[in-house]
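Now for the letters of each chain:
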Amino acid sequence: IDLYLTKDRQLVISHDKDTGHTGDKKLSVTNSTYAELLTVDVATGFRKLKKLTAAQCPPARMPLFSDALKLIIKQNRTRLSIQPKDECVQAAFDIIRELKAEKWVGFNDGSLNKMRQAKTQLKTVPVFWDRNANTDIEQDIRTAREEGFESLVVQHKGLTKEKVDKIRQAGLEVGVWTVNDEASMRAFLAMGVERFY
């Protein structure tokens, strides 16, 4: 899940920095209060795309991060990968600790600073460091090992069998992001990829 802090410091789940893509009106997430964001029906974009009625796809409101955590900690199969879209790592950990949800979460992002901050908050939290297609994999492996990260997750256009082998030989989990079809997924699985976004 992707997180942003609202104007009134509420931590919300939103992939985009505004509600224009999913909602019935466009509000900036970080420049709005949570009460203002609750006035947006964030199911609108999906409803229109799939040509559904309001009965088939009822209105939905932007959820709080704490709501998602409260659901996750009720079970023991699924873990939550958190991507802080703005400077909200500390705010996320405040809620994680309050709900005693440490064992249910991990962090992923391309920002070394944010992922380093997550590890500083809690050494045992899994960190999955997102890398671009043209990244220097040798340097990334060195950095990931120095920082204690668990995984390198490379954009699909740049992930090769050679890179998969190097990452695995370094003792890191291999991931890939933006895989949207079964054939690609099977090919990456055959290479030894373990994590998909």
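Residues numbered from 1 in each chain as written. Predicted model: local features only at pLDDT ≥ 70, side-chain atom pairs only at ≥ 80, totals over all residues. Heavy atoms only, no water.

Asker: Mind showing me how you'd approach the overall build of the chain here?
Answerer: Secondary structure assignment for the chain yields 8 helices and 8 strands. In terms of overall dimensions, the chain has C-alpha extents of about 50 × 40 × 30 Å along its principal axes. A fraction of 47% describes how many contacts in the chain between residues 6 or more apart in sequence connect residues 24 or more apart. As displayed, the chain offers around 10800 Å² of accessible surface, 51% of which is attributable to carbon and sulfur atoms. Taking the 32 positively charged and 27 negatively charged side chains of the chain as two groups, their mean positions are separated by 3 Å. (Helix = DSSP H or I, 4+ residues; strand = E, 2+ residues; numbered from the N terminus. Contact = heavy atoms within 4.5 Å. Areas by Shrake-Rupley, 256 points an atom, 1.4 Å probe, with all protein chains shown as cover. Lys, Arg positive; Asp, Glu negative; His and termini not counted. Charge placed at Lys NZ, Arg CZ, Asp CG, Glu CD.)

Asker: Please explain the pattern of salt bridges as it appears in this structure.
Answerer: Pairs may arise between side chains of opposite charge once their charged atoms sit close together. Counted by the stated rule, this structure contains 10 salt bridges. Between Lys85 and Asp2 there is a salt bridge, with its nearest N and O atoms 3.9 Å apart. Of this pair, Lys85 sits in the loop between β3 (80-84) and α4 (89-98) while Asp2 sits in strand β1 (residues 2-5), and the two are 83 residues apart along the sequence. A relative accessible area of 30% means that Lys85 is categorised as partly exposed. On the basis of relative accessible area, Asp2 is assigned to the buried category, the value being 10%. When the shortest N-O distance is used, the salt bridge between Glu150 and Lys119 registers 2.8 Å. Taken together, the residues span a long stretch of sequence, with Glu150 in the loop between α6 (137-147) and β6 (151-155) and Lys119 in helix α5 (residues 112-121) at a distance of 31 residues. (Salt bridge = Lys/Arg side-chain N within 4 Å of Asp/Glu carboxyl O. Buried < 20%, exposed > 50% of the residue type's maximum accessible area, 1.4 Å probe, protein only.)

Asker: Is there a simple way to explain α4 in this structure?
Answerer: For an α-helix, 3.6 residues make a turn, and residues three or four places apart therefore share a direction. Those residues of α4 not exposed but buried are Val89, Ala91, Ala92, Phe93, Ile95 and Ile96. Those residues of α4 that are buried lie in contact with β1, β2 (11-13), α3 (65-72), β3, β4 (105-109) and α5. Backbone geometry just after α4 places Lys100 at a positive phi near 55°.

Asker: Before we go on, may I ask you to explain the packing of aromatic side chains in this structure?
Answerer: The description of an aromatic ring pair rests on the distance of the ring centres and on the angle between the ring planes. Considering all chains together, one arrives at 2 aromatic pairs under this definition. Considering the side-chain rings of Phe93 and Phe107, the 5.0 Å spacing of their centres and the 10° angle between planes classify their relative orientation as stacked. Here the residue Phe93 occupies a position in helix α4, and Phe107 occupies one in strand β4, the gap between them amounting to 14 residues. Each member of the pair, Phe93 together with Phe107, is buried. Geometrically, the ring pair formed by Trp129 and Phe149 is edge-to-face, given 5.7 Å between the ring centres and 65° between the ring planes. Pair noted here: Trp129 is in strand β5 (residues 127-131) and Phe149 is in the loop between α6 and β6, with a separation of 20 residues, a long-range link. Like Trp129, the residue Phe149 is buried in the burial classification. (Phe/Tyr/Trp six-rings, centres within 6.5 Å; stacked < 30°, edge-to-face > 60°.)

Asker: Can you help me understand the pairing of β6 in this one?
Answerer: When you tally the buried positions in β6, you get 5 out of 5 residues, the bulk of the element. Across 4 bridges, β5 lies against β6 in parallel orientation. Bridge pairing links Arg131 to Val154 in β6. In this structure, β6 lies alongside strand β7 (residues 173-177), joined through 5 bridges in parallel fashion. Looking across to β7, one finds that Val154 is bridged to Val176. In this region the chain leaves β6, passes through helix α7 (residues 161-169) and returns to the parallel neighbour β7; the handedness of that crossover is right-handed. (Pairing = 2+ DSSP bridges. Right-handed = clockwise from strand over helix to strand, strands pointing away.)

Asker: Even after reading the chapter, I still don't get the environment of Tyr197, so can you show me in this structure?
Answerer: Mapping Tyr197 onto the fold places it in the segment after β8 (195-196). We classify Tyr197 as partly exposed; its relative accessible area is 28%. Between the C-alpha atom of Tyr197 and that of His156, which follows or precedes it by 41 residues, the distance is 9.8 Å. When neighbours within four sequence positions are excluded, Tyr197 is seen to be in contact with Ser81, Asn108, Phe128, Asp130, Val153, Val176, Trp177, Thr178 and Val179.

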